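Each chain, letter by letter, is given below.
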Amino acid sequence: AGKTYRSTGSAVFAVHRGTGTAQIGDKVFAIAPHDVFVAPPWQPYSFTADSEIELFSYSDRAGQEALGYWREQIG
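Residues numbered from 1 in each chain as written. Predicted model: local features only at pLDDT ≥ 70, side-chain atom pairs only at ≥ 80, totals over all residues. Heavy atoms only, no water.

Novice: Can you break down the packing of aromatic side chains residue by residue, with the values?
Specialist: Aromatic ring pairs are reported here in terms of the distance separating the ring centres and the angle at which the planes meet. Taken as a whole, this structure holds 6 aromatic pairs when the rule is applied. Aromatic side chains Phe13 and Tyr45 sit 5.5 Å apart centroid to centroid with 70° between the ring planes, which places their arrangement in the edge-to-face category. Linking Phe13 in strand S2 (residues 11–17) with Tyr45 in strand S6 (residues 45–49), this pair joins segments that are 32 residues apart in sequence. Residue Phe13 shares its accessibility class with Tyr45, and that shared class is buried. A centroid spacing of 5.1 Å and a plane angle of 70° characterise the contact between Phe13 and Phe47, whose relative ring orientation is edge-to-face. (Phe/Tyr/Trp six-rings, centres within 6.5 Å; stacked < 30°, edge-to-face > 60°. Helix = DSSP H or I, 4+ residues; strand = E, 2+ residues; numbered from the N terminus. Buried < 20%, exposed > 50% of the residue type's maximum accessible area, 1.4 Å probe, protein only.)

Written as structure tokens, this is what we have:
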């Protein structure tokens with residue numbers, strides 16, 4: 001299980017391998033290969049793996065950092 005994280009950016013995740021759960025805000029979702037999901041801005045999220053899991057993600061962080069809007073909170 002990972003620490004809870006949130007930021008001012010949105011993040012899109014794609015599950016490549018493995019299974020587990022994603023908690024986004026107060027909702028918990030089962031995740032498996034080929035699933036695609038989004039963590040909206042400033043919503044806390046975390047992951048728990050049932051097996052080794054590979055996630056790919058992309059976000060708007062670079063643009064927000066360039067404009068001075070970026071904030072994040074871990075744990």
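From this point, the discussion proceeds with the structure in view.
Novice: Hey, could you go over the pairing of S2 for me, with residue numbers and the actual values?
Specialist: Sheet topology note: the S2/strand S5 (residues 36–39) ladder contains 4 bridges and is antiparallel. Following the sheet pairing, Phe13 is matched in S5 by Phe37. Relative to strand S7 (residues 54–59), S2 is paired through 6 bridges, and the arrangement is antiparallel. Bridged to Ala11 within S7 is Ser59. (Pairing = 2+ DSSP bridges.)

Novice: Explain the sheet that holds S2 residue by residue, including any values.
Specialist: The 3 strands are arranged S5-S2-S7 in an open sheet whose pairing can be described as antiparallel. The open sheet has two free edges, formed respectively by S5 and S7, since each of these has just one partner strand. Averaged over all pairs of adjacent strands, the angle between their axes in this sheet comes to 25°, without regard to strand direction. (Axes fitted to C-alpha atoms, helices over the stretch in contact; angles between N-to-C directions.)

Novice: Describe in detail the nonpolar core, supporting the description with residues and values.
Specialist: For soluble globular proteins, the rule of thumb is that nonpolar side chains tend to be buried together. Residues Tyr5, Ala11, Phe13, Val15, Ala22, Ile24, Ile31, Phe37, Ala39, Tyr45 and Trp70 constitute the largest nonpolar core, which totals 11 residues. Going through the elements one at a time, S2, strand S3 (20–24) and S5 are the ones with two or more residues in this core. Among the elements that take part in this core, S2 stands out by supplying 3 residues, more than any other. Not counting residues within four places of it along the chain, the set of residues in contact with Trp70 comprises Tyr5, Ser7, Thr8, Gly9, Arg61, Gln64 and Glu65. (Core = buried A, V, L, I, M, F, W, Y, C linked by side-chain atoms within 4.5 Å. Contact = heavy atoms within 4.5 Å.)

None of the figures reported here should be taken as evidence of function without further support.
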